[in-house]
Each structure stands twice: as C-alpha cells, then as structure tokens.
Amino acid sequence: QQPVQSPQAVILREGEDAVINCSSSKALYSVHWYRQKHGEAPVFLMILLKGGEQKGHEKISASFNEKKQQSSLYLTASQLSYSGTYFCGAQDLTTDSWGKLQFGAGTQVVVTP
Amino acid sequence: EAGVAQSPRYKIIEKRQSVAFWCNPISGHATLYWYQQILGQGPKLLIQFQNNGVVDDSQLPKDRFSAERLKGVDSTLKIQPAKLEDSAVYLCASGAILEKLFFGSGTQLSVL
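So, here is what we can say about the structure in this document.

Thresholds, definitions, all that
- Residues numbered from 1 in each chain as written.
- Chains lettered and ligands numbered in written order.
- Predicted model: local features only at pLDDT ≥ 70, side-chain atom pairs only at ≥ 80, totals over all residues.
- Heavy atoms only, no water.
- Disulfide = S-S within 2.5 Å.
- Helix = DSSP H or I, 4+ residues; strand = E, 2+ residues; numbered from the N terminus.
- Buried < 20%, exposed > 50% of the residue type's maximum accessible area, 1.4 Å probe, protein only.
- Salt bridge = Lys/Arg side-chain N within 4 Å of Asp/Glu carboxyl O.
- Contact = heavy atoms within 4.5 Å.
- Nonpolar A, V, L, I, M, F, W, Y, C, P; charged D, E, K, R; others polar.
- Pairing = 2+ DSSP bridges.
- Core = buried A, V, L, I, M, F, W, Y, C linked by side-chain atoms within 4.5 Å.

What follows concerns the state of the cysteines. Residues and elements named next belong to chain B. Going through the model one piece at a time under the given rule, you end up with 2 disulfides over all chains. A sulfur-sulfur separation of 1.9 Å characterises the disulfide bridge that pairs C23 with C92. Residues C23 and C92 are joined through a disulfide that is left-handed, its torsion about the S-S bond being -65°. Within this pair, whereas C23 is found in strand β3 (residues 19-24), its partner C92 is found in strand β9 (residues 88-95), the two being separated by 69 residues in sequence. Like C23, the residue C92 is buried in the burial classification.

As structure tokens, then:
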C-alpha cells in the first residue's frame, strides 16, 4: 500500500519554509525522500530509520515518528533549486515485502523569486 | 562511479506491439527495481529483484509484462502486447538492500 503525502502542491517565495508530510498505514522500518525535477530521474535526499531520528541535507531536514508511522520533510529558507516534486518512499518489514519500497503520489514544490 | 544505465531513452510503438527495456545497474548492487511512472504520479513498483531472484512482483501485470535479471546483473522488462495505458516512464533503480536507491534516466514509452 502506497504512503499518503500532503499537500499535493505548495508554492513558496525564496526564503520561505514548507513542510511535506508522509504517512503510512503499516509499521515502517524506514522512510526515503527523493526529489525529482521535470524530465529527470528521482534523486535521493535522505533515509530515516525507525527510532525517530532526524536528518538533514543542506537546509532540508526530515523527521520520522515511528509511533504515528509518519515522516515530515522540512524545507527551510527555500531556494530556487528546491523546486521539483518530492516523493516519500516507505519500506516495511513484513515477510512478504522485504525491502519493498513504495512511493507516495508526490508533492510538487514551486519556489518563486 | 558509473550510474544506472537504461535504454532506449524513448520508444514509440502502436498498441498491441511488443517492447523491451534494458537496465544495467551499478556494479555490486544486489537489489534492482523496475518502476512505472505515469505523468503526474509517483513511481509505482512493478518488480523487485534480489540478485537474480524475484522478491516482489505483486503489482506486475503478468498477462502482458515480464521481467528477468540475468546472472544477477542486467535486467530486461518486456511488454507484450502493449496497451494505451502503458504509456509512461519506466524507471530502473538499484541499491543495496534497505539502502538508498540510484535511479536511471528512464525510458519514456508512448503507445499510440
């Protein structure tokens, strides 16, 4: 089952902040975040493992709430280069889906000057 | 470091024709995934290989799609016969189990 992302789209001015949420109905082992620019392949941002850790990539950070099976991606002081579609990917550890990575529908981020 | 190679980059076929996509993963990566990405949607997992064995193919339309991974390295994905709704970008990705994925540039398929 695919994770659910929200919002579907967000428009920001340079320097503004945004939060993208990702939730799953299954107990998760890890959450991945990728960014895809138009016409290109998704590019890895970060992985969060169960344990509630927080990670960062430039001024992009993320958290993972294991109890709620939710992850949030934080875009801080956004830059024009942050524009793209952000996907979360969820991996659970049920015996029939070891390592299976399912992606959400994506959140389109547009950063304007 | 060489990335994930995919070919062809673009393919246009008519419905009911067959088509094949090729993927060469990063050397040493045991896990290989094929995803279908329809315009405006997230990547949908079609099949996952661990070395040359299938781990998951629950979302692969097996009446028309097939995939194999020869000797645990290269992989091919085939569609026969193609339908209009198969128009999408087909992404191949590789990685170590439970680690980050590296994606290829994809094959954009148009079925007319």
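After presenting the structure, the write-up continues.
Let us now look at the pattern of salt bridges. All names here are of chain B. Under the criterion given, the structure shown has 3 salt bridges over all chains. The closest approach of N and O atoms between K62 and D57, which form a salt bridge, is 3.7 Å. Residue D57 is classed as partly exposed on the basis of its relative accessible area of 26%. With its nearest N and O atoms 2.5 Å apart, the salt bridge here joins D86 to R64. One end of the pair, D86, is in the loop between β8 (75-79) and β9; the other, R64, is in the loop between β6 (53-56) and β7 (65-69), and 22 residues separate them in sequence. Overall, the relative accessible area of 11% leaves R64 in the buried class.

Our next topic: the interface of chain A and chain B. With 21 residues of chain A at the contact, the number on the chain B side is 23 residues. Seen at the junction of chain A and chain B, the total is 1 salt bridge. If you list the elements that add at least two residues to the side of chain A that touches chain B, you get β4 (28-36), β5 (43-49), β9 (84-92) and β10 (101-103) of chain A. No other element matches the 4 residues that β4 of chain A contributes to the side of chain A that touches chain B. Residue classes in the side of chain A that touches chain B are distributed as 11 nonpolar, 8 polar and 2 charged.

Residue and element names in this part refer to chain A. Taken together, the 6 bridges between strand β3 (residues 18-23) and strand β8 (residues 70-75) define a ladder with antiparallel strand orientation. Across the sheet, the residue bridging to I20 is L73, located in β8. Of the pairings in the sheet, the one linking strand β7 (residues 60-65) to β8 comprises 6 bridges and is antiparallel in character. Bridge pairing links A62 to L73 in β8.

Before going further, it helps to examine the nonpolar core. Grouped together as the largest cluster of nonpolar side chains are 22 residues, with contacts concentrated most on W33, M46, I60, L73, L75, Y86 and V109 of chain A. Among the nonpolar cores identified, the runner-up in size contains 21 residues, and V19, I26, F65 and C92 of chain B belong to it.

Of all residues except glycine, most have a negative phi; of all peptide bonds, most are trans. For the peptide bond that leads from S6 of chain A to P7 of chain A, omega is -5°, which places it in the cis range. As for its placement among the helices and strands, P7 of chain A is situated in the loop between β1 (4-6) and β2 (9-13). Residue Q80 of chain B is joined to P81 of chain B through a cis peptide bond whose omega torsion reads -5°. By the secondary structure assignment, P81 of chain B is in the loop between β8 and β9. With phi around 55°, Q69 of chain A is a residue other than glycine that occupies positive phi space. With respect to the helices and strands, Q69 of chain A occurs in the loop between β7 and β8.

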